[in-house]
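Here are the chains, one letter per residue:
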Amino acid sequence: FAAAIASAAAFSAPGPLTLRASAKEVTGVAKVAAAGAAILAAGPAFAGDVDAGEKVFNANCAACHAGGQNSVVPDHTLEKAAIEKFLTGGFNEKAVITQVTNGKNAMPAFGGRLSDDDIANVASFVISKSEEGWE
């Protein structure tokens, strides 16, 4: 009987697990985690669906902006150089989203007429086509 108790004691669960790490190791892990978070945060926050954006563009924007042009204010095209020069906020999806949502000068606001997803998608389409030179 004593041998059975001694044998059972040998197979009992271990005590609490204690992890030991130096301050240097903890700092290193924290730096890696922070770098990973920064990479994720630096990604395009407004990346929409370019193909869906093309459909929205053709249905809502092409009357004035066919082929990336501007039939109302001819020098304010959707070509990259013109967007960089004239669009408040510069050449990025966020600035296009703001312009499409709020309108400005001759351009009407589409916020409320188009969903947020449609606006994000058309912004992705515009930036993509501008990068390609509207080919």
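Just so we're clear, the structure is a prediction, and the values are computed from it rather than from any experiment. (Residues numbered from 1 in each chain as written. Predicted model: local features only at pLDDT ≥ 70, side-chain atom pairs only at ≥ 80, totals over all residues. Heavy atoms only, no water.)

**Side note on the overall build of the protein chain**
Line of reasoning, step 1. On a plain count of helices and strands, the protein chain comes out with seven helices and zero strands.
Line of reasoning, step 2. Going from N to C terminus, the protein chain has its helices and strands arranged as α-α-α-α-α-α-α.
Line of reasoning, step 3. A burial count over the protein chain gives 26% of its 135 residues as buried.
Line of reasoning, step 4. A separation of at least 24 residues holds for 53% of the contacts in the protein chain among residues at least 6 apart in sequence. (Helix = DSSP H or I, 4+ residues; strand = E, 2+ residues; numbered from the N terminus. Buried < 20%, exposed > 50% of the residue type's maximum accessible area, 1.4 Å probe, protein only. Contact = heavy atoms within 4.5 Å.)

**As for the pattern of salt bridges**
Should their charged atoms come close, side chains of opposite charge can pair.
Line of reasoning, step 1. One pass over the full model with this rule turns up two salt bridges.
Line of reasoning, step 2. Between Lys80 and Glu131 there is a salt bridge, with the nearest N and O atoms lying 3.6 Å from each other. Note that Lys80 is positioned in helix H5 (residues 80–86) and Glu131 in helix H7 (residues 116–132), a separation of 51 residues in sequence.
Line of reasoning, step 3. Of the residues examined, Lys80 reaches a relative accessible area of 30% and is grouped as partly exposed. (Salt bridge = Lys/Arg side-chain N within 4 Å of Asp/Glu carboxyl O.)

**Quick notes on the packing of helix H6 (residues 93–102) against H7**
Line of reasoning, step 1. Across the interface, H6 lies against H7 with an axial gap of 9 Å and an inter-helix angle of 125 degrees. As summarised for this structure, H6 and H7 are arranged oblique, according to the angle between their axes. In the packing of H6 onto H7, the handedness of the crossing is right-handed. Residues Glu93, Val96, Ile97, Val100 and Thr101 of H6 lie in contact with H7, whose contacting residues are Ile119, Ala120, Val122, Ala123, Ser124, Val126 and Ile127. (Axes fitted to C-alpha atoms, helices over the stretch in contact; angles between N-to-C directions. Parallel < 35°, antiparallel > 145°, perpendicular 65-115°, else oblique. Left-handed = near helix turned anticlockwise from the far one by under 90°.)

**Considering the confidence of the model for the protein chain**
Line of reasoning, step 1. Residues of the protein chain with pLDDT of at least 70 account for 67%, and the chain-wide mean is 82.
Line of reasoning, step 2. Of the regions scoring below 50 in pLDDT, residues 38–44 engages in zero contacts with residues more than four places distant in sequence or in other chains. (pLDDT = per-residue confidence, 0-100.)

**Some points on the packing of helix H3 (residues 50–60) against H7**
Helices that pack against each other are described as a pair by the angle of their axes relative to one another and the distance between those axes.
Line of reasoning, step 1. Contact geometry of H3 with H7 gives a least axis separation of 7 Å together with a crossing angle of 100 degrees. Classified by the angle their axes make, H3 and H7 are roughly perpendicular. Where H3 abuts H7, its residues Val50, Ala52, Gly53, Glu54, Val56 and Phe57 lie against Asp118, Asn121, Val122, Ser124, Phe125, Val126 and Ser128.
Line of reasoning, step 2. For the contact of H3 with H7, the class distribution of residues is seven nonpolar, four polar and two charged. (Nonpolar A, V, L, I, M, F, W, Y, C, P; charged D, E, K, R; others polar.)

**Observations concerning the state of the cysteines**
Line of reasoning, step 1. All told, the structure shown has zero disulfides when counted by the stated rule.
Line of reasoning, step 2. Just so you know, Cys61 is unpaired, no disulfide at all, and the nearest cysteine sulfur is the one on Cys64, 8.9 Å from it. (Disulfide = S-S within 2.5 Å.)

**Digging into the nonpolar core**
A general feature of soluble globular proteins is that nonpolar side chains tend to end up buried together.
Line of reasoning, step 1. Counting 21 residues, the largest nonpolar core has Phe57, Leu78, Ile83, Val96, Val100, Val122 and Val126 as its most contacted members.
Line of reasoning, step 2. Looking at this core, the elements that each hand over two or more residues are H3, H6 and H7.
Line of reasoning, step 3. A total of seven residues in this core trace back to one element, the largest contributor, which is H7.
Line of reasoning, step 4. Each residue touching Val122, except ones within four places of it in the same chain, is listed here: Gly53, Val56, Phe57, Cys61 and Val100. (Core = buried A, V, L, I, M, F, W, Y, C linked by side-chain atoms within 4.5 Å.)

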